[in-house]
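# Structure assessment
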Amino acid sequence: MTTAAPPASRAAAPNRPADVIFKAVSTTAGVLILVALAGVAIFLVAQAVPALIGPLPEDDSFLAWVWPLTFGTLWSAFLAMLMAVPVAIAIALFITHFAPRRLAMGLGYLVDLLAAIPSVIYGLWGIAVLAPFLQPSYAWLAQNLGWLPLFSPPASGTGRTVLTASIVLAVMVLPIITALCREIFLQTPRLNEEAALALGATRWEMITMAVLPHGRSGIIASSILGLGRALGETMAVAMVLASSGAVTFVLVGSQNPSTIAANIALRFPEAHGLTVNMLIGSGLVLFAITLIVNAVSRIIIAKTTVDGGR
């Protein structure tokens, strides 16, 4: 009995011009991203060196000068994410699993429109509408809950506090997180949802068992993307926040920390000499914070993906 001969090996597919062009364009784009990132890092380091090694005009160290700005940046971004992430997830779940189709389409469109509003408009809204609206609430919190460190009196008379700036930041990052979470929840396998419902689970139980675990890594990734926007936001924070450079956790007081981006925007036009190097050095700190946040998020997403696949 004769056995069939193995099929002849296929000849290597010829490199078509379109494939060659696409590969060259893709490779060039990837290299340009790395070159641009390296160029930004080299520029920041080179310009920040005089501020790092030289005496500052206030006879203070660079670390002591930049620490209040770093604290304000992290504190305001943390407060913004604390408010934005749960609301964004809830809106995305409502659009994908609870709202009627027509309402879901309209609501999704309105949420996406929020991302197209310029940051200066958010700043105007925060300083002209939100701050005066919240000021009586801040006075009430300081009067009745002043024993808590977060609401220590006296309250701000203008409402331009770090909490107001954080609320503006939360509204700004809300459409980014919501849009990504919405697409992630729509990718949940239909069979998983139907299986959970067939076992007698309610709609909420189905979401907790099938939708949220499947989209865990995507939720983290979208939250980190929104955090990057909150860390680097400039104009809205510069317009809303009445900063004094203090390092404080008080949310309703008039003594508020500033942020790195807002401080650069406010001081750079009139800066000269070593002050320019100090501002660029603070930009280097913000650059490093962003890189660290993205690196940590990648590790978390990778670990979540591996654990979810077991």
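Presented here is a report on the structure given in the accompanying data block. Since the model is a prediction, treat every value here as computed from it, not as a measurement. (Residues numbered from 1 in each chain as written. Predicted model: local features only at pLDDT ≥ 70, side-chain atom pairs only at ≥ 80, totals over all residues. Heavy atoms only, no water.)

### As for the overall build of the chain
For clarity, the threshold we go by: Helix and strand assignments follow DSSP, with helices taken as H or I runs no shorter than four residues and strands as E runs no shorter than two, numbered in order from the N terminus. For a compact globule the rule gives 2.2 Å times the number of residues to the power 0.38, and the radius of gyration it is set against comes from C-alpha atoms. Burial here depends on accessible area, computed with a 1.4 Å probe over protein chains only, as a share of the maximum for the residue type. Under 20% is buried, over 50% is exposed, and the range in between is partly exposed. Every residue pair with non-hydrogen atoms within 4.5 Å of one another is taken to be in contact. To be clear on the numbers: accessible area is Shrake-Rupley with a 1.4 Å probe, and residue cover counts the displayed protein chains and nothing else.
The helix and strand tally for the chain stands at 11 helices and 0 strands. Element order for the chain, N to C, with α for helix and β for strand: α-α-α-α-α-α-α-α-α-α-α. Scaling as 2.2 N^0.38, a compact globule of 310 residues should have a C-alpha radius of gyration of about 19 Å, whereas the chain reaches 25 Å, well beyond that. By residue count, 39% of the 310 residues in the chain fall in the buried class. Contacts in the chain between residues at least 24 apart in sequence constitute 79% of all its contacts with a sequence separation of at least 6. Element-wise, carbon and sulfur atoms account for 70% of the exposed surface of the chain, whose accessible area totals about 17800 Å².

### Remarks on the nonpolar core
Stated formally: Throughout, nonpolar core names a set of buried Ala, Val, Leu, Ile, Met, Phe, Trp, Tyr and Cys residues whose side chains join them through atoms within 4.5 Å.
With 65 residues, the main nonpolar core has Trp 65, Ile 177, Phe 185, Leu 251 and Val 252 as its most contacted residues. At the level of elements, helix H2 (62–98), helix H4 (119–144), helix H5 (162–186), helix H7 (203–214), helix H8 (216–232), helix H9 (235–240), helix H10 (260–267) and helix H11 (274–308) are the ones that each hand at least two residues to this core. At 16 residues, the largest contribution of residues to this core is made by H2. What Val 252 contacts, discounting residues up to four positions off in sequence, is Tyr 138, Leu 141, Ala 142, Leu 150, Phe 151, Ser 152, Pro 154, Ala 155, Ser 156 and Thr 161. Among the nonpolar cores identified, the runner-up in size contains 5 residues, and Leu 44, Ala 48, Ile 280 and Phe 287 belong to it.

### Some thoughts on the packing of H2 against H10
Going by this rule: In this description, a line fitted to the C-alpha atoms serves as the axis of each element, helices being fitted only across the stretch in contact, and the angle between N-to-C directions of two axes falls anywhere from 0 to 180 degrees. Orientation categories follow fixed angle ranges, with anything under 35 degrees roughly parallel, anything over 145 roughly antiparallel, 65 to 115 roughly perpendicular, and all other angles oblique. All amino acids are sorted into three groups, where Ala, Val, Leu, Ile, Met, Phe, Trp, Tyr, Cys and Pro are nonpolar, Asp, Glu, Lys and Arg are charged, and the leftover types, Gly among them, are polar.
Following both chains from N to C, one finds H2 and H10 inclined at 120 degrees, their axes separated by 8 Å at the closest point. Comparing the axis directions of H2 and H10 gives the class oblique. Where H2 abuts H10, its residues Trp 65, Leu 69, Thr 70 and Thr 73 lie against Ile 260, Asn 263 and Arg 267. When grouped by side-chain class, the residues that make up the contact of H2 with H10 number 3 nonpolar, 3 polar and 1 charged.

### A look at the layout of surface pockets
Heads up, the rule is: Space inside and on the surface of the protein is sampled on a 1 Å grid over the protein atoms alone, with a cavity defined as a set of points where a 1.4 Å probe fits but cannot get out and a pocket as an open set with protein on both sides within 12 Å along at least 5 of 7 lines; lining residues have an atom within 4 Å of a point. Grid points are joined across faces, edges and corners, and a volume is the space filled by probe spheres set on the points.
Each pocket or cavity is described by its volume, and for the largest pocket that value is around 240 Å³. Breaking the lining of the largest pocket down by element, the ones donating at least two residues are H2, helix H3 (101–114) and H5. Top element by residues in the lining of the largest pocket is H3. It accounts for 6 residues. For the lining of the largest pocket, the per-class residue count stands at 7 nonpolar, 3 polar and 3 charged.

### Looking at the side chain of Asn 277
Tracing the backbone shows Asn 277 in helix H11. Beyond its immediate stretch of four places on either side in the chain, Asn 277 contacts Gln 47, Ala 48, Pro 50 and Ala 51.

### Things to note about the environment of Ile 184
Within the secondary structure, Ile 184 sits in helix H5. For Ile 184, the contacting residues outside a window of four places in its chain are His 214, Gly 215, Gly 218 and Ile 219.

### Let's talk about H8
To be explicit about the condition: In this scheme, a helix's expected span is set at 1.5 Å multiplied by one less than its residue total.
The first and last C-alpha atoms of H8 sit 25 Å apart over 17 residues, in line with the 24 Å expected at 1.5 Å per residue. Regarding H8, the residues found buried are Gly 218, Ile 219, Ser 222, Ser 223, Ile 224, Gly 226, Leu 227, Ala 230 and Leu 231.

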